[in-house]
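Letter by letter, the chains look like this.
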Amino acid sequence: KLMGGLLGGVTGAASHLSDSSSDIAFAAVVVCLPAVYGLVHVFGWNAQFPTMVERILWRIVTVAICSCGAVLEVVSMSIRILDKVEWRVKAVKILFEFVYGFVVVVFPITVALYLLGTLYILVESIRQLFYLPPEAFVVASWSNYFPHFS
């Protein structure tokens, strides 16, 4: 009976969430924009890096950036669901207050991780310019590639 009442309260709370098209569109933007931004940088997965540590950090950061939007949306949805549940059992209420507190802490950590990850990608991209091979600085002879009359 306890679990039936608890699940009924949670599913009832979930059914009261706003399902307007603007909320769904906003959620899609929150999930997709960081994912697309991160996926562009996943193309550098096997690029040459000055050190192995930088390569590993690049991989970790790109995966973290790709998943930040989804994490933020899950956290946001969890907060909305937990706010609407009517708690009947005090022990369960205390447990979910702990979970709610955990979720509230995860939100700023995720945002900070996204911002620091973006900063790392920017700095590492600029830093890699100093380690390019000499062939990257050879000036192309564009006149050979355009049709012309001599």
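Here, every reference points to the structure presented above.
Residues numbered from 1 in each chain as written. Predicted model: local features only at pLDDT ≥ 70, side-chain atom pairs only at ≥ 80, totals over all residues. Heavy atoms only, no water.

Enquirer: Just to check I follow, could you spell out the packing of aromatic side chains for this structure?
Expert: The relation between two aromatic rings is expressed through the spacing of the ring centres and the mutual angle of the planes. Per the stated rule, a full pass over the model turns up 2 aromatic pairs. Aromatic pair Tyr 37 and Tyr 114: ring centres 6.4 Å apart, planes at 55 degrees, arrangement tilted. Linking Tyr 37 in helix H2 (residues 21-42) with Tyr 114 in helix H4 (residues 90-128), this pair joins segments that are 77 residues apart in sequence. On the basis of relative accessibility, which here comes to 28%, the residue Tyr 37 falls in the partly exposed class. For Tyr 114, a relative accessible area of 25% translates into the label partly exposed. (Phe/Tyr/Trp six-rings, centres within 6.5 Å; stacked < 30°, edge-to-face > 60°. Helix = DSSP H or I, 4+ residues; strand = E, 2+ residues; numbered from the N terminus. Buried < 20%, exposed > 50% of the residue type's maximum accessible area, 1.4 Å probe, protein only.)

Enquirer: What is the right way to read helix H3 (residues 52-84) from this model?
Expert: The end-to-end C-alpha distance of H3 is 48 Å, a good match for the 48 Å that 33 residues give at a rise of 1.5 Å each. Ser 67 marks where H3 bends most, by close to 40 degrees. (Expected span 1.5 Å × (residues − 1). Bend = angle between axes of the 7 residues up to and from the residue.)

Enquirer: Where do I start with the pattern of salt bridges in this structure?
Expert: Oppositely charged side chains can pair when the atoms bearing their charge come close. For the coordinates displayed, the defined rule picks out 1 salt bridge. Note that Arg 127 and Glu 54 form a salt bridge whose closest N and O atoms lie 2.6 Å from each other. Taken together, the positions of Arg 127 in helix H4 and Glu 54 in helix H3 put the pair 73 residues apart, joining distant regions of the chain. Assessed through its relative accessible area of 8%, Glu 54 is described here as buried. (Salt bridge = Lys/Arg side-chain N within 4 Å of Asp/Glu carboxyl O.)

Enquirer: How should the packing of H2 against H3 be read in this particular structure?
Expert: Two numbers describe a pair of packed helices, the interaxial angle and the distance between the axes. For the pair H2 and H3, interaxial distance at closest approach is 7 Å and the crossing angle is 170 degrees. Overall, the two elements H2 and H3 adopt an arrangement that is roughly antiparallel. Judged by residue contacts, Ala 27, Val 30, Val 31, Pro 34, Ala 35, Tyr 37, Gly 38, Leu 39, His 41 and Val 42 of H2 engage Trp 58, Thr 62, Ile 65, Cys 66, Gly 69, Ala 70, Leu 72 and Glu 73 from H3. Looking at the contact of H2 with H3 residue by residue, the class counts come to 13 nonpolar, 4 polar and 1 charged. (Axes fitted to C-alpha atoms, helices over the stretch in contact; angles between N-to-C directions. Parallel < 35°, antiparallel > 145°, perpendicular 65-115°, else oblique. Contact = heavy atoms within 4.5 Å. Nonpolar A, V, L, I, M, F, W, Y, C, P; charged D, E, K, R; others polar.)

Enquirer: What's the story with the nonpolar core in this structure? I'm lost.
Expert: Here is a general trend for soluble globular proteins: nonpolar side chains tend to be buried in one another's company. Formed by Phe 49, Trp 58, Val 61, Ile 65, Tyr 120 and Ile 121, the largest nonpolar core amounts to 6 residues. The set of elements that each furnish at least two residues to this core consists of H3 and H4. Considering every element that reaches this core, the biggest residue donor is H3, with 3 residues. Sequence-distant contacts of Trp 58, that is, excluding residues within four places in its chain, are made with His 41, Gly 44, Trp 45, Phe 49, Tyr 120, Ile 121, Glu 124 and Ser 125. (Core = buried A, V, L, I, M, F, W, Y, C linked by side-chain atoms within 4.5 Å.)

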